[in-house]
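Coordinates in review
Residue strings, one per chain:
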Amino acid sequence: CYKRLQHDGLSPDAVTFTFLLKACGSIGAADKGEEIHVDIVKEGLLKTDILVANALIDMYAKCGALDKAQEVFDGLLVWDVVSSTTLISGYSQHGHAKEAFEFLIQMQKDFIVPNAVTFISVLSACSHAGFISEGFWCSHLMCRKHHITLTLEHYDCIIDLLSRAGMLNEAEILIRKMPLQPTAISLMPLLSACRYQSDINRANRIAWSIFSK
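Residues numbered from 1 in each chain as written. Predicted model: local features only at pLDDT ≥ 70, side-chain atom pairs only at ≥ 80, totals over all residues. Heavy atoms only, no water.

On to empty space enclosed by the protein, then. Counted under the stated rule, the structure contains one cavity of 30 Å³ or more. In this structure, the largest cavity occupies an estimated 30 Å³ of space. For the largest cavity, the full set of lining residues is Phe73, Trp79, Ser84, Phe103, Gln106, Met107, Asp110 and Ile112. Top contributing element to the lining of the largest cavity by residue count: helix H7 (residues 97-109), with three residues. Across the lining of the largest cavity, the residue classes tally to five nonpolar, two polar and one charged. (1 Å grid on protein atoms, 1.4 Å probe; cavity = no way out; pocket = protein on both sides within 12 Å on 5 of 7 lines; lining within 4 Å. Points joined across faces, edges and corners; volume = space filled by probe spheres on them. Helix = DSSP H or I, 4+ residues; strand = E, 2+ residues; numbered from the N terminus. Nonpolar A, V, L, I, M, F, W, Y, C, P; charged D, E, K, R; others polar.)

This is the structure we're talking about:
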């Protein structure tokens, strides 16, 4: 449809490019995304439309082309929390916890206020990479400085973080005290940690909780 639009002499706009980039990202078509990137530059939209810029970062991040995503971000004259969070999410999804965490710190320096999605990405990255102290610092920053209300996804990340750190008591206490109803997904990291710690009694309690979901 895009090729036909061009053949008919019609000019794509920001909305057109945004949907094209979303399509490329969803199927990992980085080569097609690069072609569209060139067209966006020709139209002069990259420096004037933040939505298109964010969609381009997201496309490269989803395709695993993180260097390209970072390059686009670095070239922006103006960026927002969505730009930063999109890049952090890309780093997190592809196992680059160090870069995701460092970018969160850079956001603080640039006075860009992170949102709930930002912290989900960073907490998830820290948990999977075993960055225990960084994950605790991140949760402290989220709650104490930015006063963000924790969602179930935040709690799941923190439970996973505590479980991987071998802090089984703390993880179980958090599960009991959290204001949201934990799901089986919430409880699985703790159950897995019980196996490594040979904590049979706690494993039985968690298993029964999972079976009752």
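The structure having been displayed, the exposition proceeds.
Quick look at the packing of aromatic side chains now. In this structure the tally under the stated criterion is five aromatic pairs. With a centroid separation of 5.6 Å and 50° between ring planes, the pair formed by phenylalanine 73 and tryptophan 79 is classed as tilted. Classification of phenylalanine 73 as buried rests on a relative accessible area of 8%. Note on phenylalanine 73 and phenylalanine 103: the rings are 5.1 Å apart at their centroids and 70° apart in plane angle, and the pair reads as edge-to-face. In this pair, phenylalanine 73 sits in helix H5 (residues 66-74) while phenylalanine 103 sits in helix H7, placing the two residues 30 residues apart along the sequence. Take phenylalanine 73 and phenylalanine 103: they sit in the same class, and that class is buried. A network of ring pairs unites the aromatic residues Phe73, Trp79 and Phe103 as a single cluster. (Phe/Tyr/Trp six-rings, centres within 6.5 Å; stacked < 30°, edge-to-face > 60°. Buried < 20%, exposed > 50% of the residue type's maximum accessible area, 1.4 Å probe, protein only.)

Counted according to the given criterion, the structure contains eight salt bridges. Between arginine 164 and aspartate 160 there is a salt bridge; the shortest N-O distance is 2.8 Å. Residue arginine 164 and its partner aspartate 160 are located together in helix H10 (residues 152-164), separated by four residues, close to a single helical turn. When its relative accessible area of 11% is taken as the criterion, aspartate 160 is described as buried. (Salt bridge = Lys/Arg side-chain N within 4 Å of Asp/Glu carboxyl O.)

Before going further, it helps to spend a moment on the side chain of aspartate 156. Following the sequence through the fold, aspartate 156 ends up in helix H10. Once you skip the residues sitting within four places of it in the chain, aspartate 156 turns out to touch Ile185 and Ser186. (Contact = heavy atoms within 4.5 Å.)

With that settled, the discussion passes to the side chain of serine 121. Along the polypeptide, serine 121 turns up in helix H8 (residues 116-129). On the basis of relative accessibility, which here comes to 9%, the residue serine 121 falls in the buried class. Excluding anything up to four places from it in sequence, serine 121 contacts Ile88, Ser89 and Ser92.

Moving on, we come to the layout of surface pockets. The computed volume of the largest pocket comes to approximately 190 Å³. Ser139, His140, Cys143, Arg144, Leu150, Tyr155, Ile158 and Leu174 are the residues that line the largest pocket. Only helix H9 (132-145) and H10 provide two or more residues apiece to the lining of the largest pocket. Grouping the constituent residues of the lining of the largest pocket by class yields five nonpolar, two polar and one charged.

Next up on the list: the environment of aspartate 49. Structurally, aspartate 49 can be placed in the loop between helix H3 (30-43) and helix H4 (50-62). As a C-alpha pair, aspartate 49 and serine 133 span 84 residues in sequence and 38 Å in three-dimensional space. At 3.1 Å, the side chain of aspartate 49 and the backbone nitrogen of valine 52 are in polar contact. (Polar contact = N/O pair within 3.5 Å; in protein donor to acceptor, adjacent residues only side chain to side chain.)

Here glutamate 43 lies in helix H3. A relative accessible area of 42% places glutamate 43 in the partly exposed class. Between the alpha carbons of glutamate 43 and phenylalanine 211 there is a distance of 56 Å; along the sequence they are 168 residues apart. Apart from the residues within four sequence positions on either side, glutamate 43 is in contact with Pro12 and Phe17.

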